[in-house]
There are 6 protein chains.
Amino acid sequence: MQTKFLKTKEIYDGTQLRSQFAYLEHRILGDSVVAWIGPCHVSLDNMVDGEDFLDQSSIAGSEMVHFIIEYFNQSLFSGVLLQRLFANIIRDVIYELSPVKNLKLLRQGDDIYLSDKKLSISIATSSPISTLIHFAVNVRTEGVPVPAVGLKDLKVSETEFIKKCLASLKNEFESSLTATMKVRPVE
Amino acid sequence: MQTKFLKTKEIYDGTQLRSQFAYLEHRILGDSVVAWIGPCHVSLDNMVDGEDFLDQSSIAGSEMVHFIIEYFNQSLFSGVLLQRLFANIIRDVIYELSPVKNLKLLRQGDDIYLSDKKLSISIATSSPISTLIHFAVNVRTEGVPVPAVGLKDLKVSETEFIKKCLASLKNEFESSLTATMKVRPVE
Amino acid sequence: MQTKFLKTKEIYDGTQLRSQFAYLEHRILGDSVVAWIGPCHVSLDNMVDGEDFLDQSSIAGSEMVHFIIEYFNQSLFSGVLLQRLFANIIRDVIYELSPVKNLKLLRQGDDIYLSDKKLSISIATSSPISTLIHFAVNVRTEGVPVPAVGLKDLKVSETEFIKKCLASLKNEFESSLTATMKVRPVE
Amino acid sequence: MQTKFLKTKEIYDGTQLRSQFAYLEHRILGDSVVAWIGPCHVSLDNMVDGEDFLDQSSIAGSEMVHFIIEYFNQSLFSGVLLQRLFANIIRDVIYELSPVKNLKLLRQGDDIYLSDKKLSISIATSSPISTLIHFAVNVRTEGVPVPAVGLKDLKVSETEFIKKCLASLKNEFESSLTATMKVRPVE
Amino acid sequence: MQTKFLKTKEIYDGTQLRSQFAYLEHRILGDSVVAWIGPCHVSLDNMVDGEDFLDQSSIAGSEMVHFIIEYFNQSLFSGVLLQRLFANIIRDVIYELSPVKNLKLLRQGDDIYLSDKKLSISIATSSPISTLIHFAVNVRTEGVPVPAVGLKDLKVSETEFIKKCLASLKNEFESSLTATMKVRPVE
Amino acid sequence: MQTKFLKTKEIYDGTQLRSQFAYLEHRILGDSVVAWIGPCHVSLDNMVDGEDFLDQSSIAGSEMVHFIIEYFNQSLFSGVLLQRLFANIIRDVIYELSPVKNLKLLRQGDDIYLSDKKLSISIATSSPISTLIHFAVNVRTEGVPVPAVGLKDLKVSETEFIKKCLASLKNEFESSLTATMKVRPVE
């Protein structure tokens, strides 16, 4: 899995969640995760979470860390599980980087909360040729339409956060793939 | 996903990690997780972890909580990811139940450690008709061939632990499956 | 499998045969079958049966019972087989409900006939995330462009018919899935 | 799909339900269905239906028509559906051939009954390379351990029955495969 | 696999690389390969090779032999391998038909070269219901935007070439499918 | 794909064609190809080619180059295609290394011939967790039960041959996988 921290500040508007965004926009070929910092405004048309669509939720934030993960030849169910593992990874990275004492973050499904404040949004979906995940973590919370918390509140450096998340996800993904190749089948 | 806490004290010897153990031994049909408390002695013949097999590791423990998870129509890669998510769930359950202050458990791949002491063993594999996971957590550490820690050391009740793990895994599995059915595909 | 009898009278125009019609229009999440009574007018653009498209068949009826079936994580081949099993179920339900003596309905592939009169139209297809079936049975035969027969001719109540078909399909689908989980694999 | 009516009278003992029985025993390569007439005695070891195994059911009959179906590159779920479609085909063939008036056969799952008498036994399973179905229909009912009915009781010629069943299954299977290739995908 | 040599001279513009081109345009149902002779002009919008798209390569030729291969129920990875096997077949057919002495054609991935001159272009992709390959071989080299060689230069008759390529691909494809059905699985 | 040229001279007896031979015997984890030089004697029990089994062919050779290829998460059909591509690669390597003038080798399916003399034997099969290929090329022809030719006859150095085949297969496999990740899907 290739990792890339983009220096762009582009808005995440939902159109980045498509097959080969990393390859066609950033020449990163194969299984990949790319990250950048930017605002978030997803229109109803580009909302892939049916639940958000039905609730006409607005998905927005003035500054978030965005991750787009794409990998090939696996199922959507694996995508949902990897998305949730990544939520745990993010939590562990924040525990490691934040100076806040007795910090307790709760993961529920693919969401991360600090008590009732939302830290992140996320969706896993599939294209005809790949599995795709968007995971975004608030940096600041201006413009977020629900009670929210951000990396700034937790005194976590975004760049440190991104670097550790990319490295940890890469390791998790690759060691998981390897684990499928060193096991003996049973009856 | 059906869950069952067995009152048996049977030895886990590796033969329980086969398709339809839950159905043929305990009449639990379909996706399932069964748990029980018992010793662990896996012979080289029944070792499905190639790495353990090569290292001729002995896998043993005098008293462990065993979980056997089986589910159908999904890939081994999803099995490895679910196994790791379950390791995180186990960690969260221990954090919730243990009175030990400032407890820090580390998950690495599918293993859980308290500093350099091993809390658990685990393997995910596939049968011709299903995906299978064995996850075992030390209750006591007598007989464990490596530096180890157990639920007794952490002052965690095994029965509370099992009940919470079963409920949490069932919820994680079912909500993950549901998540694959409420997303809109992308290009 | 969730079942739902909609009280709407909407026209079936082919656009209902898309992924998550049940979820996004009727908040029914997961494997599902929804039924309603309404006219049928499918334009060439929305025709998914290549054969009809080539023959420029018009697909129309003034009043039909419509079923939209959607299920996840299975193949199109299974969709075609389920579609044909459903044709058999429909035939059995009509035999049960119709007072007509010595009624002989013929199933050929996914079509049902009374001698040379067509009772139904149907198609099975796939979306990127699911398998989909549309099955429609004539209530009246006005506007049907081929020799046709309808439930009215057979003195079958549409509402009884729909309820029995939904229950029977749900049972067939769920017991078939269960059957894949209670079998031992062979060499 | 190749079809073959074997003139052998061999006992069905469960070992015929394995991959490439048709090829290695009868040189029929590829998707196939082979049929023959013979007794049936399946030992507990060769029982692949978990339910029968648990109930320690004995599976036996003095004279039955046996069908072994094998096909490649498809799922077990499709196998269960094809098995049930084949039960319907068998029912239709008997309706066509039997001179008995007002005959009413009931299909329930993969079983066929005349009121409470069982006409058939069947199982669908998978090998590492194929999907397999055994379907057996009583000719005589001596030795059947449950209330039973046979083709003799229904005055149906076994050879006519076999020929029609083979032709009809071949047609169903091939036209179902073709149906997956002439449909346009949807969103 | 059905084969067809079309007498049309239509331009290949990339839109022919879609599911059921053979069926909906030429009534050839199922696994198929169709061939014709015509110019080639693919606009950026219809370019499916991400690499060409990124490089803004123009894909053009005044006269080429075009092959569109479509088959069902297999993976894109198999499509790439079949595409490369077909490149080898093409090379062997040219060796057989060309009177040029000591001809040495080089296959690299899916490309065929005569020293540094390109003979062919090709892409394998997938639709939601099938695997698709476009393979095109220069007849003349006018208008080709890179150093090129064509069948005319090699003194190979296009019609002989097409007939032999179609027959050889059909044989390769069908015997490969058969090979998956006559092997015994291993542990 | 990892490649390894083993210095062992072990007999190939068919038991090496099993999942994780490379990992459990040679600690090579993941997609791999291993090669060695040694005799070949496969007993009927270990013959996985159904055709050989039926014909009771003896598979033997006094000295052959053996390749065992294993890769994960792909289909048997892809295995057969890769096997045939590898036969072409082997032919090209021999053309490159042999000083014999006007050498013409014929590939037919997975076999390579010099006129009517057989150069190689091969089989592709699947284990529950992987796709496996055995490809063996005669070095000497003593003990081969059919008319045969070997690398010695063609004046090709076995070690050069092995090194070039390993490098070329690795390149073919990896670039084919990559090709599945840089294409845009079509309708």
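Residues numbered from 1 in each chain as written. Chains lettered and ligands numbered in written order. Predicted model: local features only at pLDDT ≥ 70, side-chain atom pairs only at ≥ 80, totals over all residues. Heavy atoms only, no water.

*Asks:* Residue-level account of the overall build of chain A, with values.
*Replies:* When helices and strands are counted, chain A shows 4 helices and 8 strands. Starting at the N terminus, the α and β elements of chain A follow one another as β-α-β-α-β-α-β-β-β-β-β-α. The C-alpha extent of chain A, read off along each of the three principal axes, is 50 × 40 × 35 Å. For chain A, with 187 residues in total, the buried portion stands at 60%. For chain A, the proportion of contacts with a sequence separation of at least 24, taken over those separated by at least 6, is 71%. For chain A, the accessible area works out to roughly 7,100 Å², and carbon and sulfur atoms hold 48% of it. The distance from the centre of the 20 positive side-chain charges to the centre of the 23 negative ones in chain A is 9 Å. (Helix = DSSP H or I, 4+ residues; strand = E, 2+ residues; numbered from the N terminus. Buried < 20%, exposed > 50% of the residue type's maximum accessible area, 1.4 Å probe, protein only. Contact = heavy atoms within 4.5 Å. Areas by Shrake-Rupley, 256 points an atom, 1.4 Å probe, with all protein chains shown as cover. Lys, Arg positive; Asp, Glu negative; His and termini not counted. Charge placed at Lys NZ, Arg CZ, Asp CG, Glu CD.)

*Asks:* Let's hear about helix α3 (residues 76-97) of chain E: which residues, and what values?
*Replies:* Compared with the 32 Å implied by 1.5 Å per residue over 22 residues, the 31 Å span of α3 of chain E between its first and last C-alpha is a close match. Burial analysis of α3 of chain E places 18 of its 22 residues in the buried class, the great majority of the element. (Expected span 1.5 Å × (residues − 1).)

*Asks:* Got a sec to walk through the interface of chain E and chain D? Specific residues and values, please.
*Replies:* Frequently, the measure chosen for interface size is the accessible area removed from exposure when the parts meet. The partner chain D presents 20 residues to the 20 residues of chain E that form the contact. One can count 0 salt bridges joining chain E with chain D. Between chain E and chain D we count 4 residue pairs in polar contact (both at pLDDT 80 or more) in total. Elements that contribute at least two residues to the side of chain E that touches chain D include exactly α1 (21-26) and α4 (158-179) of chain E. (Salt bridge = Lys/Arg side-chain N within 4 Å of Asp/Glu carboxyl O. Polar contact = N/O pair within 3.5 Å; in protein donor to acceptor, adjacent residues only side chain to side chain.)

*Asks:* How would you explain the sheet that holds strand β6 (residues 117-118) of chain D if you had to name every residue and give the values?
*Replies:* Residue and element names in this part refer to chain D. Spatially, the 3 strands line up as an open sheet ordered β4-β5-β6, and their pairing is antiparallel. At either margin of the open sheet sits one strand with a lone partner, and together these are β4 (105-108) and β6. Two elements, strand β5 (residues 111-114) and β6, share 2 bridges in a ladder whose sense is antiparallel. Bridge pairing in β6 links leucine 114 to lysine 117. (Pairing = 2+ DSSP bridges.)

*Asks:* Go over the packing of helix α3 (residues 76-97) of chain A against helix α3 (residues 76-97) of chain B, please, and point to the residues and values.
*Replies:* Between α3 of chain A and α3 of chain B, whose axes approach to 9 Å, the crossing angle comes to 35 degrees. Seen along the crossing, α3 of chain A lies across α3 of chain B with a hand that is left-handed. Contact with α3 of chain A, carried on its side by Phe77, Ser78, Leu81, Leu82, Arg84, Leu85, Asn88, Arg91 and Asp92 of chain A, involves Phe77, Ser78, Leu81, Leu82, Arg84, Leu85, Asn88, Arg91 and Asp92 of chain B of α3 of chain B and no other residues of that element. Of the residues that constitute the contact of α3 of chain A with α3 of chain B, the class distribution is 8 nonpolar, 4 polar and 6 charged. (Axes fitted to C-alpha atoms, helices over the stretch in contact; angles between N-to-C directions. Left-handed = near helix turned anticlockwise from the far one by under 90°. Nonpolar A, V, L, I, M, F, W, Y, C, P; charged D, E, K, R; others polar.)

*Asks:* How would you summarise the environment of glutamate 96 of chain B if you had to cite specific residues and measurements?
*Replies:* All names here are of chain B. For glutamate 96, the location among the structural elements is in helix α3. A residue is classified by how much of its surface remains accessible, and glutamate 96, at 52% relative accessible area, is exposed. The sequence separation of glutamate 96 and leucine 54 amounts to 42 residues, and the corresponding C-alpha distance is 37 Å.

*Asks:* Tell me what's going on with helix α4 (residues 158-179) of chain F, and back it up with residues and numbers.
*Replies:* An ideal rise of 1.5 Å per residue puts 32 Å on 22 residues; α4 of chain F measures up with 31 Å between its terminal C-alpha atoms. Residues of α4 of chain F that are buried: Glu158, Phe161, Ile162, Cys165, Leu166, Leu169, Glu172, Phe173, Ser176, Leu177 and Ala179 of chain F.

*Asks:* Hey, could you go over the relation of the copies chain A and chain B for me, with residue numbers and the actual values?
*Replies:* With an axial shift of 0.0 Å and an RMSD of 0.0 Å, the rotation relating chain A to chain B amounts to 180 degrees. Each copy turns onto its partner about a two-fold axis. Among all C-alpha atoms of chain A, that of serine 78 of chain A lies closest to the rotation axis, at 2.3 Å. Residue by residue, 100% of the interface of chain A is reproduced at the interface of chain B, so both copies engage with the same surface. (Least-squares fit on C-alpha atoms with pLDDT ≥ 70 in both.)

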